[in-house]
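A closer look at the structure
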Amino acid sequence: MPQYKTVIHWFRRDLRLMDNTALHHAAKEAAQVIPAYVLSDWKSQHGWTGSTRQQFLCGCLDSLSKNLETLSSRLILRCGQADVELERLIHETQAEAVYYNRDYDPYGREMEKKLQEVCNRIGIPCHSYKDRVLHEADEVLTGSGGPYRVYTPYSRNWLGLNKTASLGKLTTLGQAPDPAIKSLPVPTLEHWQLPEATAILPAAGERAARERMKTFIENRTLHAYAQKRNIPAGVTTSRLGQDLRFGLISIRELHERCMAAAALATTPDARTSIETYIKELAWREFYLAILWHYPEVFDEEFAPEFRGMPWPGSDEDFQTWTQGRTGFPIVDAGMRELLATGFVHNRVRMIVSMFLTKDLHCHWRLGESHFMQHLLDGENASNNGGWQWSAGTGADAAPYFRIQNPWTQTKRYDPDGSYIRTWVPELKNVSAERFMDPPKDNRAIAPGYPLPIVDHSTERDRTLAIFAKHRGK
Ligand SMILES: Cc1cc2nc3c(=O)[nH]c(=O)nc-3n(C[C@H](O)[C@H](O)[C@H](O)COP(=O)(O)OP(=O)(O)OC[C@H]3O[C@@H](n4cnc5c(N)ncnc54)[C@H](O)[C@@H]3O)c2cc1C
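Residues numbered from 1 in each chain as written. Predicted model: local features only at pLDDT ≥ 70, side-chain atom pairs only at ≥ 80, totals over all residues. Heavy atoms only, no water.

We count it as follows: UniProt positions are given in the numbering used here, feature names are shortened, and annotations may be inferred rather than shown by experiment.
The name an unreviewed UniProt entry assigns to the protein chain is Deoxyribodipyrimidine photo-lyase, from the organism Prosthecobacter fusiformis. For the record of the protein chain, the UniProt heading Sequence similarities (unreviewed entry) holds the text "Belongs to the DNA photolyase family."

**As for the pattern of salt bridges**
Under the convention used in this document: For salt bridges, the criterion is a side-chain nitrogen of Lys or Arg within 4 Å of an Asp or Glu carboxyl oxygen. In this text, helices come from DSSP runs of H or I with a minimum length of four residues, and strands from runs of E with a minimum of two, each type numbered from the N-terminal end.
Applying the stated rule across the entire model yields 25 salt bridges. Arg229 is paired through a salt bridge with Glu280; the nearest N and O atoms lie 3.0 Å apart. Of this pair, Arg229 sits in the loop between helix H7 (225-228) and helix H8 (241-245) while Glu280 sits in helix H10 (residues 268-293), and the two are 51 residues apart along the sequence. Linked by salt bridges that have partners in common, Arg13, Asp103, Asp105, Arg132 and Glu379 make up one network.

**A look at the UniProt feature "domain: Photolyase/cryptochrome alpha/beta" (unreviewed entry) in the protein chain**
This chain's UniProt record puts "domain: Photolyase/cryptochrome alpha/beta" (unreviewed entry) on residues 5-134. Strand forms 22% of residues 5-134 and helix 45%; the C-alpha atoms that close the span are 31 Å apart.

**A word on the domain arrangement of the protein chain**
Let me state the cut-off plainly: The domain boundaries here were taken from an automatic or database domain assignment. Contacts are residue-level and defined by heavy atoms, with any inter-residue pair within 4.5 Å sufficient. By convention, the term buried area covers the 1.4 Å-probe accessible surface removed from two parts as they join, with the contributions of both added.
Annotation of the protein chain at the domain level lists domain 1 (4-131), domain 2 (133-164 + 206-293) and domain 3 (304-468). Contacts between the two partners involve 21 residues from domain 1, matched on the other side by 23 residues from domain 2. Regarding the contact of domain 1 and domain 2, the summed buried area is about 2000 Å², with carbon and sulfur atoms giving 51% of it. Applying the counting rule to domain 1 against domain 2 returns four salt bridges. Glu139 is the partner of Lys130 in a salt bridge, and the nearest nitrogen-oxygen pair spans 3.0 Å.

**Thoughts on the environment of His456**
Rules: Polar contacts, as used here, are pairs of N or O atoms within 3.5 Å; protein pairs need one atom able to donate a hydrogen and one able to accept it. Residues neighboring in sequence count only if both atoms are side-chain atoms.
Structurally, the position occupied by His456 is in helix H18 (residues 456-472). With 128 residues separating them in the primary sequence, His456 and Phe328 have C-alpha atoms 9.8 Å apart. In this view, His456 contacts Phe328, Asp359, Ile403, Gln404, Asn405, Pro406 and Trp407; residues no more than four positions away in its chain are not counted. Of the polar contacts made by the side chain of His456, one reaches the side chain of Asp359; its length is 2.7 Å.

**Observations regarding a positive patch on the surface**
Rules: Only residues above 30% relative accessible area that lack a salt bridge enter a patch, with like-charged residues linked at up to 9 Å and the nonpolar side chains Val, Leu, Ile, Met, Phe, Trp and Tyr linked at up to 5 Å. Surface exposure here means Shrake-Rupley accessible area, sampled with a 1.4 Å probe, where a residue is shielded only by the protein chains that are shown. The charge count includes Lys and Arg as positive and Asp and Glu as negative, but it does not include His or the ends of the chains. Here the site of a charge means atom NZ of a Lys, CZ of an Arg, CG of an Asp or CD of a Glu.
On the surface, Lys411, Arg434, Lys440 and Arg443 cluster together into a patch of positive charge. Of note, Arg434 is situated in the loop between helix H17 (418-423) and H18.

Okay, structure coming up:
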């Protein structure tokens, strides 16, 4: 006999039916689950997101809505502040409890607190669950019970912890919400008054994400991950960032599938690859833990010694960087890939972010916010972590004096120039050697392609001087 008659499941970054912890508990403990999603009501622009990610969200909601129909249920879409809208829905449906999966950024946490207050006031329970991660921030602590500040010891601890098993498929949510319960239609970009998305996006929704996960594991990209993951040309990584970001796949299931593949792997290279991949999943949780323990990273440098440092870069150089017109082919390829697809390969994210902060001396926050506007997997914790890492100010940051040289990086990771030629069409007939050094004759390497806007070694010295001076204060 279920404990409740009717409950609400509040969908957030868990837009799936498979192995969704809170939803499974709701389905088990109630005769009827009302699936609800609350759309944000900002208009025209938002500091954290632009058309690309919102377009993908629309597709995910459309798919979720259809998947719920196959369970004879119906997604209830509302718009506004989540606590206010859910309170309304509690009254309309006479729900006896609310279920949700926890979010870890300060804004998500704030909203959870407000919802908890609403439920307390009404006198109904509000059940929250761990779902987005394998281990929450407070499960991975140092011997003295404090948070880790660097990745390597964190990951050692994280890897050794027992992982929760996945919950499998959901079969029913009970009766569909009463037709009298109103829902908004699945949104389009017009809802936020956003312009059409120009990037070519992967298919949205749970089914497409599961297909990507399957392909990654079964086509053996996973088995060659350690050897190939730094090569930006072609598909050498899982490309599951957006699927984890929106909760289209479960982290437990992904981890379990990787472990199953490891058990069947027949070569040491394949086993190493799978271990390497799982360590990347730990990076994601490391940055979520950093944000949980140190929410101030949104506003300032994680490393106190670099707070208040000057970033004298110009707006003009920043704009040139965003457009992929710096004259550094690998940087321009990355920035154009971002605009064209909402994705940039991790190695190239490191190159372009270090270039903006260490060659152009622009504040990492400018790059952080440009990425959040355009990345499909744009996620506050990882993005902030990645930017501060590159800027030399973050948790487990690249030390400020270790500055990647974009020319050398090209030689190492795009030796035949195929990544660059894919994204910078004016360079399609230029030989790869010309991408590995600044042009010696000071002439453009192709018609219409700019000369490098800075000299890397001069700017490297300048960065070292700025950091050293600030540290010496
Ligand atoms: C400047 C900068 C900004 C970044 N911004 C984001 C962001 O907004 N959102 C985001 O998810 N990742 C971000 N990353 C991390 C990483 O680049 C992406 O997770 C990765 O490129 C996504 O592609 P993939 O799924 O093919 O990765 P894979 O290599 O297949 O990795 C699998 C998964 O592990 C996680 N992961 C891998 N590397 C990292 C990492 N360094 N930090 C945190 N998680 C990681 C991601 O969830 C990823 O999907 C950023 C890195 C840098 C250097």
